[in-house]
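Structural description and commentary
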Amino acid sequence: MIGCIVLLSTKVSSFTSNNAGYIIKQSVFRSQFRTYAEKARVVFLGTPDVAASSLSRLIEKSKEDSSVFDIVGVVTQPPKRRRRKSAPEPSPVGKVAEEHGIMTLCPDKAKDPEFLDALENDMKPDLCITAAYGQYLTKRFLATPKFGTLNIHPSLLPRWRGASPVQRSLEAGDDPIGVSVLFTVSKMDAGPIVKQTTKSVDKDSQATEVLPFLFEVGTEDLLEVMPKVISGEINMDNARKQSEDGVVAASMIEKAEGELKVWKESATLCHNKVRGFSMWPGTTMKLQIEGADEITIIKVIKTRVPELGSNEVKTREVKLGPNKKDGLMVVCGDGSVLELLEVQPPMKKRMDAKSYWNGHRGKSIEWVDDGDEAPFMSNDNAANTPTISLTVKQESASENCSKGIKPLQTF
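Numbering of residues begins from 1 in every chain and follows the order in which that chain's sequence is written. In keeping with the model being predicted, local features are shown solely for residues with a pLDDT of at least 70 and side-chain atom pairs are shown and tallied solely at 80 or more, while totals for entire chains, interfaces and linings include all residues. Neither water nor hydrogens contribute to the side-chain values; these are computed over all heavy atoms in the structure.

1. Focus on the overall build of the chain
Spelled out, the test is: Each helix is a run of DSSP H or I of at least 4 residues and each strand a run of E of at least 2, with the numbering of both proceeding from the N terminus. Using a 1.4 Å probe on the protein chains alone, a residue whose accessible area is under 20% of its type maximum counts as buried, one over 50% counts as exposed, and one in between counts as partly exposed. Residue contacts are counted whenever heavy atoms from the two residues lie within 4.5 Å of one another. To measure how exposed things are, a 1.4 Å probe is used in the Shrake-Rupley method; for residues, cover is taken only from the protein chains shown.
From N to C terminus, the chain includes 8 helices and 18 strands. Each of the 411 residues in the chain was classed as buried or not, and the buried ones make up 48%. Long-range pairs, those at least 24 residues apart, make up 70% of the contacts in the chain with a sequence separation of at least 6. Counting every atom, the chain has about 21,000 Å² of accessible surface; 50% of that belongs to carbon and sulfur.

2. Description of the side chain of Glu339
Put simply, the test is: A 3.5 Å cut-off defines polar contacts: any pair of N or O atoms within that distance qualifies, except that in protein one atom must be a possible hydrogen donor and the other a possible acceptor, and neighbouring residues in sequence count only when both atoms are side-chain atoms.
Here Glu339 lies in strand β16 (residues 337-344). Residue Glu339 is classed as buried on the basis of its relative accessible area, which comes to 1%. A distance of 2.7 Å separates polar atoms of two side chains, one belonging to Glu339 and the other to Arg304. Of note is the side chain of Glu339, whose polar atom sits 2.6 Å from the backbone nitrogen of Gly327. Dropping the residues within four chain positions of it, Glu339 is found in contact with Lys302, Thr303, Arg304, Pro306, Lys325, Asp326, Gly327, Leu328 and Met329.

3. What to know about the packing of aromatic side chains
Basically, it comes down to this: A pair of Phe, Tyr and Trp rings is counted when the ring centres sit within 6.5 Å of each other, with Trp represented by its six-membered ring. The angle between the planes then sorts it: under 30 degrees is stacked, over 60 is edge-to-face, the rest tilted.
Scanning all chains against the criterion turns up 2 aromatic pairs. With 6.4 Å between their ring centres and 15 degrees between their planes, Phe115 and Phe141 make a pair best called stacked. Highlighted residues: Phe115 in helix α3 (residues 113-123) and Phe141 in helix α4 (residues 139-142), separated in sequence by 26 residues. Owing to a relative accessible area of 0%, Phe115 belongs among the buried residues under this scheme. Taking the relative accessible area as the measure of exposure, Phe141 reaches 0% and is therefore buried.

4. What about helix α7 (residues 267-276)?
Side chains that are three or four residues apart share a direction in an α-helix, a result of its 3.6 residues per turn. In terms of burial, α7 is a largely internal element, 8 of the 10 residues being buried. What α7 keeps buried is the set Ala267, Cys270, His271, Asn272, Lys273, Val274, Arg275 and Gly276. Taken together, the buried residues of α7 touch α5 (165-171), α6 (207-231), β12 (283-289), β13 (296-304) and β16.

5. Topic: the state of the cysteines
Here is the rule we go by: Note on terminology: disulfide denotes any pair of cysteine sulfur atoms within 2.5 Å.
On inspection of all chains with the given rule, the structure shows 0 disulfides. A disulfide-free cysteine, Cys270 has its sulfur positioned 4.7 Å from the sulfur of Cys332, the nearest such atom. On the accessibility criterion, Cys270 (0% relative accessible area) is buried.

6. Some remarks on the confidence of the model for the chain
Selection rule: As a per-residue measure, pLDDT reflects the predictor's confidence and takes values from 0 up to 100.
Summary statistics for the chain give a mean pLDDT of 84 and a share of 80% for residues scoring 70 or more. Within the model, pLDDT remains below 50 along residues 1-36, and this stretch shows 77 contacts once partners closer than five positions in the same chain are excluded. A low-confidence stretch, residues 372-411 (pLDDT under 50), is modelled with 82 contacts involving residues beyond four sequence positions or located in other chains.

7. A look at the pattern of salt bridges
To keep things clear, this is the line we draw: A side-chain nitrogen of Lys or Arg and a carboxyl oxygen of Asp or Glu constitute a salt bridge if their distance falls within 4 Å.
Across all of its chains, the model carries 21 salt bridges by this definition. One salt bridge in this structure joins Arg350 and Glu342, with 3.6 Å as the shortest N-O distance. You can call Arg350 partly exposed: its relative accessible area is 35%.

8. Side note on helix α2 (residues 92-99)
The following threshold applies: The directions from the helix axis to the C-beta atoms form the arc being described.
Considered for burial, the residues of α2 that qualify are Val93, Gly94, Val96 and Ala97. Within α2, the buried residues cover an arc of 160 degrees as seen down the axis, which keeps them to one side. Within two residues after α2, Gly101 carries a phi angle of roughly 65 degrees, on the positive side.

9. Comments concerning the packing of helix α1 (residues 49-62) against α2
The angle between the axes and the distance between the axes are what describe a pair of packed helices. Under the convention used in this document: Lines are fitted to the C-alpha atoms to define the axes, a helix being fitted only along its stretch in contact, and any angle between axes, read from their N-to-C directions, falls within 0 to 180 degrees. When describing relative orientation, an angle under 35 degrees is termed roughly parallel and one over 145 degrees roughly antiparallel, while 65 to 115 degrees is termed roughly perpendicular and anything else oblique. Handedness of a helix crossing follows the sense of rotation of the near helix relative to the far helix, less than a right angle counterclockwise being left-handed and clockwise being right-handed. Charged residues are taken to be Asp, Glu, Lys and Arg, nonpolar residues to be Ala, Val, Leu, Ile, Met, Phe, Trp, Tyr, Cys and Pro, and polar residues to be all remaining types, Gly included.
In contact at an axis separation of 7 Å, α1 and α2 are set at 25 degrees when each is read in the N-to-C sense. It follows that α1 is roughly parallel to α2 by the angle criterion. The handedness of the crossing between α1 and α2 is right-handed. On α2, the residues touching Asp49, Ala51, Ala52, Leu55, Ser56 and Ile59 of α1 are Pro92, Val93, Val96 and Ala97. Split by residue class, the contact of α1 with α2 holds 8 nonpolar, 1 polar and 1 charged.

10. Looking at the pairing of β16
As a reminder of what qualifies: Strand pairing follows a simple DSSP-based rule, namely that at least 2 bridges must link the two strands.
Among the 8 residues that make up β16, 6 are buried, leaving the element largely enclosed by the rest of the structure. Where β13 lies against β16, 5 bridges are found, and the strand directions are antiparallel. Looking across to β16, one finds that Thr303 is bridged to Leu340. By the bridge criterion, 4 bridges tie strand β15 (residues 328-331) to β16 in an arrangement that is antiparallel. Across the sheet, Val330 pairs through a bridge with Leu338, a residue of β16. Where β15 folds back on β16, the antiparallel hairpin that results is connected by 5 residues, among which Gly335 adopts a positive phi of roughly 90 degrees. Pairing analysis gives 2 bridges linking β16 to strand β17 (residues 351-352), with the strands arranged antiparallel.

11. What about the nonpolar core?
The line we're drawing: Only buried Ala, Val, Leu, Ile, Met, Phe, Trp, Tyr and Cys residues count toward a nonpolar core, and they belong to the same one when joined by side-chain atoms within 4.5 Å.
In terms of nonpolar packing, the biggest core is built from 44 residues, with Phe44, Leu58, Phe69, Ile71 and Met226 touching the most fellow members. Of the residues forming this core, the biggest block, 13 residues, is contributed by α6. Not counting chain neighbours up to four residues away, the residues in contact with Ile71 comprise Val42, Leu55, Leu58, Ile59, Ser62 and Ile102. Counting 25 residues, the second-largest nonpolar core is a separate cluster that includes Ile289, Ala353, Tyr356 and Trp357.

Now the structure itself:
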């Protein structure tokens, strides 16, 4: 290893932009010298909060005396308005980079020649790391770092290659789930796997909890393998190749997928959609309230599938369960029961389902289908379906209030 003298950044100046559509963050340096063995130059690519947490952990690790790398640059999506009438703000990853005085590139497209020139000539990475960056990386980009590009991907590859791995795995009811650290190649999420960790997941855990958890696990896995990648012990040739037999695509989620179509979807499927789509687009249900001229669309925030015995009744009617802590019971088209625990009515804050029920003061509530589907029930399938005893309960006005969110599930 070669000893060298470096300058440490202690002050940060403003952003400057150029016509290429990207922003380079300039740092003002004070002369503080220290000598240490030459470290690998690492450039981090990412955008959302989960990636910002990974970047913070990598920066923390890079400052340890035993670290074999430095974070010399960050690439993230361009600043955008987070609120109406507000100035554009850096992404969560961009904010972390700014706090630490790290040069940052924000290209509109990662294929821009000016961006690639800056990557090669200014950042000069030995290794690149991607975590939810959100753009396709060209062959020229992938050829730049001599140790390659590592990616944190929150699924058990080759299952769930694509843009929405956590959401799709929860929608499918997968257990176990996991995270993979792999080399990036031109084909999406198809590179050799360096490390893969499997985790069990609670049947009620949602994407808002699972995604940060898997990125936390994946970041620690990344830190474990980075020294071996930098030393050359692990490389593209000897990492584990993916099988093409088990490939499942994690396609982009469409907003329309968030509607709970209880007339043709089971309670388990609806519950798993609530879990998987908790970040975006969320899930909704159409209801007809007694006496109302228009259909009400509520957001469904939290659900569960209660364990019930077999019974005889199918119904469109939505009622409060018979026990004190029960939510609203919805009988789906196949006779299975979905329990709504937390909802959000139009133009109101989220609330527990019992408060929503009490707010309607005994008016009947029914779910509504699209009108172009098969009939909800027929005489042929009315038998052998589970039913529930739905006793209507009216709570006092003091209980008709929004309640706080319960703690996150643990893994």
